[in-house]
Amino acid sequence: MLFSLPLNSFVCQTSHCPDFHQPGRQNIHLRKFYGPEKRRLLRCRTCGAEFSETKGTPYWGSKLPPEQVDRVVDHITHGNCFSSTAALTGCHRTTVARIVCRAGVHLQQFHDQHARDLKVTSMQADERHGFVGEKAEQAWDFTVVDPKSKFVIEGQVGARTAELTKVLLVNARERLANPQRLVLFTDGYLPYQTLFLDVFGTSWQPPRKGKRGRFPRKAYRIPRGLAHVRIIKEYSGKQVVRVRTEIAAGTQKRVKLELEALGYMKSNTSAVERQNGTARRMNPHLVRKSLAFARLPIHRRTLAQVVQGVYNWCRPQRGLRQPLAKPVGRQKYAQRTPAMAIGLTERCWSIRDLLSLPCGAACRE
């Protein structure tokens, strides 16, 4: 078999089927094996449609062996540019770009499906500077990270505007199990402060005075479990001369409780700042003073999605490891990925596991 996925991991890939992208229906069975790689041809009992096991994955329609596709994704997420990855994997540069685009779309759908109901009590948000083409178009990386598990909750690529900031915060809010109990740590970028009440606050309509005239504008209330902290850096030229902390919303008591839970002495954005460095090491489009920048916006966006998926699910983090109760040989620690730390899985995934799970399928433990 090409993949080791059990049949109950697949879902129907026919859009008109009542069980389309519905996991756990037990409607998929094996029709036959075909091709030199013995791929499985699957059949849906509900609609009778037949499709390959690679349908709904980046391997679908690819003439390259799956091992070569895995090597492309592995090399590109280690900071190699498209040309270097092509030389290392024995394929053309445009083939690498096509694989990155397919994998990026697939991993974004995977993230939208499985990064839900996250039990997070604090988030850190920041932006990384970038561009597309000959520095003609801005392409900033907006990132929201859980400081406890280092899991990237949401990421957006585009111009540094209030519109994209709102999309980032709204999408991050929809992924949380309890968005009313949260402390948001950000830098001094002003749209975070202006949009925080609109996105996370509770709206109410103040009564009007008298019986005539318009009603006042909607107001927003801050629940007791909600707070926003700004860490503002003051520069002299390119050097930081002062860092001051400002509680833009919420209470000092709520912020203090969250800092104690995180083990921090003072408010900071160290987790997302560290993730910025990791992303610049993994993504060749973010390397400073390099010619490996993105020429097209789609390459810039999809490669960021690939890096986010591999970072969350496939790359163990040294700061997340846990000591073993009984050492196994020379191994004293159990390595964990951000997805393991936040509770989405119990094992470290390989790139094959990440790319071979079809869109709509249930997450395997």
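Check the entry above for the structure.
This write-up is about the structure you can find in this document. Here the structure is a predicted model, which is why all the values come from computation and not from measurement.

1. Structural notes on the pairing of strand 2 (residues 39–44)
Two faces belong to every sheet, and in a regular strand the side chains alternate between them. For strand 2, the buried fraction is high: five of the six residues fall into the buried class. Two strands pair when backbone bridges link them, and strand 1 (residues 28–34) and strand 2 are joined in this way by six bridges, in the antiparallel orientation. When the bridges of strand 2 are listed, Ile 28 appears paired with Cys 44. Here three bridges tie strand 2 to strand 3 (residues 50–52), and the two strands are oriented antiparallel to one another. The partner of Leu 42 across the bridge, within strand 3, is Phe 51. Between strand 2 and strand 3, which pair antiparallel and follow one another directly, the connecting turn spans five residues, one of which, Gly 48, has a positive phi of 80 degrees.

2. Considering helix 6 (residues 252–262)
Working note: α-helix, 3.6 residues per turn, so residues spaced by three or four point in the same direction. Residues of helix 6 that are buried include every one of Arg 254, Val 255, Glu 258, Leu 259 and Leu 262, and no others. Down the axis of helix 6, the buried side of the element spans an arc of 135 degrees, and every buried residue falls inside it. Opposite the packed face of helix 6, turned more than 90 degrees from it, sit the exposed residues Gln 252, Lys 253, Lys 256 and Glu 260. Buried positions along helix 6 lie against strand 4 (122–128), strand 9 (182–186), strand 12 (226–236) and strand 13 (239–249). After helix 6 finishes, the residue Gly 263 shows a positive phi value of roughly 80 degrees.

The rules behind these values
- Residues numbered from 1 in each chain as written.
- Predicted model: local features only at pLDDT ≥ 70, side-chain atom pairs only at ≥ 80, totals over all residues.
- Heavy atoms only, no water.
- Buried < 20%, exposed > 50% of the residue type's maximum accessible area, 1.4 Å probe, protein only.
- Helix = DSSP H or I, 4+ residues; strand = E, 2+ residues; numbered from the N terminus.
- Pairing = 2+ DSSP bridges.
- Arc of directions from axis to C-beta.
- Contact = heavy atoms within 4.5 Å.

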